[in-house]
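Chain by chain, the residues run as shown.
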Amino acid sequence: MSTTTPTAAGIGALTLRPLDPLRDAELLHGWVTHPKSAFWMMRDAKLVDVERAYMEIAADEHHHAYVGLHDGAPAFLMEKYDPAHRELVGLYEPEPGDVGMHFLVAPTDRPVHGFTRAVITAVMAELFADPATARVVVEPDLDNKAVHALNAAVGFVPEREIQKPEKKALLSFCTREQFEKAVSA
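Bear in mind that the values here come from a model prediction, so they are computed numbers and not experimental data.

Student: A description of helix α3 (residues 115-128) should follow, citing residues and the corresponding values.
Tutor: Between its first and last C-alpha atoms α3 spans 20 Å; for 14 residues at 1.5 Å apiece the expected length is 20 Å, and the two agree. Across the 14 residues that make up α3, a large majority, 10, are buried. Looking only at α3, the buried set comprises Phe115, Ala118, Val119, Ile120, Ala122, Val123, Met124, Glu126, Leu127 and Phe128.

Right, here's the structure in full:
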């Protein structure tokens with residue numbers, strides 16, 4: 001996966017490449033342990049913990065991780081997973097074509113207006129580029145109001161609160177049609 005996704009004017013090119021757990025662990029460690037990434041729940045992780053977590057994902061046929069590039073430089077993380085096998089097992093009834101998603105924008109001291117929205121839009125476009133994807137499922141922390149607003153901006157509709165082992169989450173869904181309507185508005 002190395003698709004270039006069109007982005008909002010002035011943002012630049014966003015592409016994805018498969019995450020390499022050994023090569024990318026140090027970069028990811030800096031991202032996931034940053035205070036702005038508190039909802040990623042890895043604030044106290046050591047480098048070896050990050051490496052191990054992403055080695056497990058790399059070995060998992062139902063979970064995949066990608067480094068997102070902004071004009072060729074690492075700038076975000078995307079994970080996609082099969083919710084029938086990971087993250088949401090037993091918490092809702094998955095439908096054919098459901099794909100789970102997580103994303104994290106790298107912390108920066110020089111934020112670009114509209115960048116995070118461009119990233120989630122590019123992530124969703126990438127997921128829906130697969131014709132087998134009918135609906136994207138997310139389960140962000142109930143208290144992560146910023147992500148709830150971003151999710152709504154790309155078409156997600158909250159269904160209900162769920163209790164995961166590590167957090168209380170807002171289970172939300174976005175169909176291809178909801179995404180297309182949201183981003184064309």
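Student: Give me the lowdown on the packing of helix α1 (residues 21-32) against helix α2 (residues 47-58), citing residues and values where you can.
Tutor: In a pair of packed helices, the angle between the axes and the distance between the axes together describe the arrangement. Where α1 contacts α2, the axes come no closer than 8 Å and their chain directions differ by 125 degrees. With respect to each other, α1 and α2 are oriented oblique. The two elements α1 and α2 cross, and the hand of that crossing is right-handed. Contact with α1, carried on its side by Pro21, Leu22, Ala25, Glu26, Leu28, His29 and Val32, involves Leu47, Val50, Glu51, Tyr54, Met55 and Ala58 of α2 and no other residues of that element. Taken together, the residues that form the contact of α1 with α2 break down as 10 nonpolar, one polar and two charged.

Student: Tell me what's going on with the pattern of salt bridges, and back it up with residues and numbers.
Tutor: In total, this model carries 11 salt bridges according to the counting rule given. Across the pair Arg52 and Asp49 runs a salt bridge, and its minimum N-O distance is 3.5 Å. Of the two residues, Arg52 and Asp49 are both situated in helix α2; the distance of three residues between them amounts to about one turn of the helix. Accessibility expressed as a relative area gives 28% for Asp49, which makes it partly exposed. Across the salt bridge formed by Arg160 and Glu159, the nearest N and O atoms sit 3.5 Å from each other. Look at Arg160 and you get partly exposed, because its relative accessible area is 34%. Glu159 sits in the partly exposed class, given a relative accessible area of 47%. Here the salt bridges do not stand alone but share partners, grouping Glu87, Glu139, Lys164, Glu166 and Lys167 into one network.

Student: With reference to specific residues and values, describe the packing of aromatic side chains.
Tutor: Given two aromatic rings, one states the distance between the centres and the angle between the planes to describe the pair. Taken as a whole and assessed by the stated rule, the structure comprises two aromatic pairs. Between Tyr92 and Phe173, the aromatic rings sit 5.4 Å apart at their centres with planes inclined by 50 degrees, giving tilted as the arrangement. Taken together, the positions of Tyr92 in the loop between β3 (73-81) and β4 (98-105) and Phe173 in strand β7 (residues 168-175) put the pair 81 residues apart, joining distant regions of the chain. Under the relative-accessibility criterion, Tyr92 is labelled buried at 8%. Taking relative accessible area as the criterion, Phe173 reaches 6% and is therefore assigned buried. In this structure, Arg135 is placed above the aromatic ring of Phe173, and the distance from its NZ or CZ to the ring centre is 3.9 Å.

Student: Could you give me a rundown of the pairing of β3, with the residues and numbers involved?
Tutor: Within β3, seven of the nine residues are buried, which leaves the element mostly enclosed by the surrounding structure. By the bridge criterion, eight bridges tie strand β2 (residues 63-70) to β3 in an arrangement that is antiparallel. If you follow Tyr66 over to β3, its bridge partner there is Met78. Linking β2 to β3, which pair antiparallel, is a turn of two residues; within it Asp71 sits at a positive phi near 50 degrees. Where β3 lies against β4, six bridges are found, and the strand directions are antiparallel. Along β4, the bridge assignment pairs Glu79 with His102.

Reading the values: the criteria
- Residues numbered from 1 in each chain as written.
- Predicted model: local features only at pLDDT ≥ 70, side-chain atom pairs only at ≥ 80, totals over all residues.
- Heavy atoms only, no water.
- Helix = DSSP H or I, 4+ residues; strand = E, 2+ residues; numbered from the N terminus.
- Expected span 1.5 Å × (residues − 1).
- Buried < 20%, exposed > 50% of the residue type's maximum accessible area, 1.4 Å probe, protein only.
- Axes fitted to C-alpha atoms, helices over the stretch in contact; angles between N-to-C directions.
- Parallel < 35°, antiparallel > 145°, perpendicular 65-115°, else oblique.
- Left-handed = near helix turned anticlockwise from the far one by under 90°.
- Contact = heavy atoms within 4.5 Å.
- Nonpolar A, V, L, I, M, F, W, Y, C, P; charged D, E, K, R; others polar.
- Salt bridge = Lys/Arg side-chain N within 4 Å of Asp/Glu carboxyl O.
- Phe/Tyr/Trp six-rings, centres within 6.5 Å; stacked < 30°, edge-to-face > 60°.
- Lys NZ or Arg CZ within 6 Å of the ring centre and 35° of its normal.
- Pairing = 2+ DSSP bridges.

Bear in mind that shape data such as this cannot, by itself, settle questions of function.
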